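# Architecture and fold: a report
The lines below spell out each chain.
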Amino acid sequence: MRRFPEGFVWGAATAAYQIEGAVAEDGRAPSIWDGFGPIANGDTGETACDHYHRYREDLGHLADLGVGSYRFSVSWPRVLPYGKVERRGLDFYSRLVDGLLERGIEPAATLYHWDLPRELEERGGWTDRDTAHRFAEYAAVVAEELGDRVPTWITLNEPWCSAFLGHGTGEHAPGRRDPEAVFTAAHHLNLAHGLAARLLPGRRGVTLNPQVLRGPDAAAVRRADAVGNGVFFGPLLSGAYPEELFAHTAHLTDWSFVRDGDVETIHAPLDFLGVNYYTTTVVAPGGTGRADFPGCEDLAFSAEPGPVTDMGWTIEPSGLTELLLRLSREYPGLPLVITENGAAFPEPVRDEGRIGYLHGHLGAVLDAIEAGADVRGYYVWSLLDNFEWAFGYGKRFGIIHVDYETQRRTWKDSARWYRDVAASATLPDA
Ligand code: IFM
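In this report, the structure presented in the accompanying data block is examined.

Cut-offs applied
- Residue positions are counted from 1 within each chain, in the order its sequence is given.
- Per-residue local features of the predicted model are confined to residues with pLDDT of at least 70, and side-chain atom pairs are confined, for both listing and counting, to 80 or more; whole-chain, interface and lining totals are unaffected and use all residues.
- Hydrogens and water are ignored here; the side-chain numbers use all heavy atoms of the structure.
- The salt bridge definition used is simple: a Lys or Arg side-chain nitrogen within 4 Å of an Asp or Glu carboxyl oxygen.
- Where helices and strands are cited, they refer to DSSP runs of H or I of at least four residues and of E of at least two residues respectively, numbered from the N terminus.
- Residue burial is assigned from relative accessible area. The probe radius is 1.4 Å, only protein chains are included, and a residue is buried under 20% of its type maximum, exposed over 50%, and partly exposed in between.
- Pairing between two strands requires that DSSP report at least two bridges joining them.
- To get an axis, fit a line to the C-alpha atoms, keeping to the stretch in contact for a helix; angles then go from 0 to 180 degrees between the N-to-C directions.
- We call two residues contacting when some pair of their heavy atoms lies within 4.5 Å.
- Here the angle decides the label: under 35 degrees means roughly parallel, over 145 means roughly antiparallel, 65 to 115 means roughly perpendicular, and every other value means oblique.
- By definition, turning the near helix anticlockwise from the far helix through less than a right angle yields a left-handed crossing, and turning it clockwise yields a right-handed one.
- Each residue is assigned to one class: nonpolar for Ala, Val, Leu, Ile, Met, Phe, Trp, Tyr, Cys and Pro, charged for Asp, Glu, Lys and Arg, and polar for all the others, Gly among them.
- Only heavy atoms are used to decide nearness, and a residue is near a molecule or strand if one of them lies within 4 Å of it.
- Here a polar contact is recorded for every N or O atom pair within 3.5 Å, except that within protein the pair must consist of a potential hydrogen donor and a potential acceptor, and residues adjacent in sequence are included only if both atoms are side-chain atoms.
- Here the open area of atoms and residues is found with the Shrake-Rupley method and a 1.4 Å probe, where only the protein chains shown may cover a residue.

Take the pattern of salt bridges next. Here the structure, examined in full by the defined rule, presents 34 salt bridges. For Arg-214, the salt bridge is made with Glu-322, and the minimal N-O distance between the two is 2.6 Å. Placement of the pair is Arg-214 in strand E7 (residues 213-214) and Glu-322 in helix H12 (residues 318-330), with a sequence separation of 108 residues. On the accessibility criterion, Arg-214 (16% relative accessible area) is buried. The partly exposed category is assigned to Glu-322, whose relative accessible area is 36%.

Here it is as structure tokens:
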């Protein structure tokens, strides 16, 4: 048995578009994910887990799990459709927050988990600088409404996905395939964070999904790292974009969208860094690149060998220890929170695979803590099976099973296992 430190936060996480449904209710405007495709099986987020109507039941599950904190995201097009405050949307989150507090669960609110209002995309979306300013306005509205009750705020979730998958590979909405737009969008996402972070009360953070890159060729790893991680680590955590990033992407963009003062704005003080971790990537010289690593056209990317989850992602807990120790070394004094970690495994409800995954990764967190990393908490992804973006409902990340026909929630073995680990703050022997 291994013990977690006193005060370690145990949480569960979700995101608005993946669970809420009710896409056309109470004045919500369309987001870039409404109508976006192709999505596996023609799935849509129209109903999802119907959480918008069933949130009370879901609050009950959170209470029964005994988690100390719940990480949810606010839907921008629900609270600010067409730029106007929608009282009914704000009221939903207000009721959710009150419900959490009544059950002794601390709310942790994410402002942007990928559901950009479609009307902003029509004006250029994240490639338009103005979107960063619109985001700050939205952040101010939500902070005004919930700031008295929400102690923890996350501006953006995984801006890498928004920029690189949304504008590079096109797998995510808005589905663009334009390497220059990747970096324009990344910069405006960074700027949006910086403008909004200053307006938030309480603990402020941003959640990244850093790439854990491995391979025998240090120059190849360094190059992919400058592109995939440096574009966020640099301005957010160090106060400058890395020169290497400019060098590797000079054939794609002149970076003229970065204006004087932007990097200072982006480098806003952070109370913690949110870390989402799922797997590692192997990088080597001699390939033809990948659309999610523009600037690395002569590199090859592959998965590490080994057992995989239902996403095909290699199960590599040591990558999490490596990442936490790297962040601690490079950014000393910045508390870390695992804001997502978990795995997709197919039905049925018995799920030794997921328990094994969580066990391995919680052990990896303990390894990092014991080696000196300041890790304050862990949020399992995810509370419920949900809409897994381009994969639709076929990939099940929940510790609670959702029957999408009946919306019935059923605890998987991993939910009971996680409840017991959280209650005792100890990791049982494997
Ligand atoms: O479901 C997603 C989540 O929205 C963001 N992080 C990764 C998860 C699994 O792919």
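Right, let's get into the pairing of strand E10 (residues 299-302). Along E10, the buried face is formed by Leu-299 and Phe-301; none of Ala-300 and Ser-302, which line the opposite face, is buried. Summarising the sheet, strand E9 (residues 281-285) and E10 pair through 4 bridges and their orientation is antiparallel. Within E10, the position partnered with Val-283 by the bridge is Phe-301.

All right, on to the sheet that holds strand E4 (residues 106-112) then. Strand order in the closed barrel formed by 8 strands is E2-E3-E4-E5-E6-E8-E11-E12, with parallel pairing between adjacent strands. Between one strand and the next, the sheet's axes are offset by a mean angle of 25°, whatever the strand orientation. Sheet analysis places strand E3 (residues 69-73) next to E4, joined by 5 bridges and oriented parallel. Note on E4: the bridge partner recorded for Phe-72 is Ala-109. The strands touched by H12 are strand E8 (272-276), strand E11 (336-341) and strand E12 (375-381); relative to E11, the strand with the most contacts, the crossing angle is about 150°.

Helix H6 (residues 130-146) packs onto helix H4 (residues 87-102) with a crossing angle of 45° between their chain directions and a minimal axis gap of 10 Å. In terms of orientation, H4 lies oblique with respect to H6. Crossing angle aside, the handedness with which H4 passes H6 is right-handed. From H4, Arg-87, Leu-90, Tyr-93, Ser-94 and Val-97 reach across to H6, where they touch Val-141, Glu-145 and Leu-146. Grouping the constituent residues of the contact of H4 with H6 by class yields 5 nonpolar, 1 polar and 2 charged.

As a matter of local geometry, the ligand sits amid Gln-18, His-113, Trp-114, Asn-157, Glu-158, Tyr-278, Trp-313, Glu-340, Trp-381, Glu-388, Trp-389 and Phe-397. In the model, a nitrogen atom of the ligand is placed 2.7 Å from a nitrogen or oxygen of the Glu-158 side chain. Summarising the interface, the protein chains cover 96% of the accessible area of the ligand, which totals 280 Å² for the free molecule.

The analysis is restricted to geometry; functional conclusions fall outside its scope.
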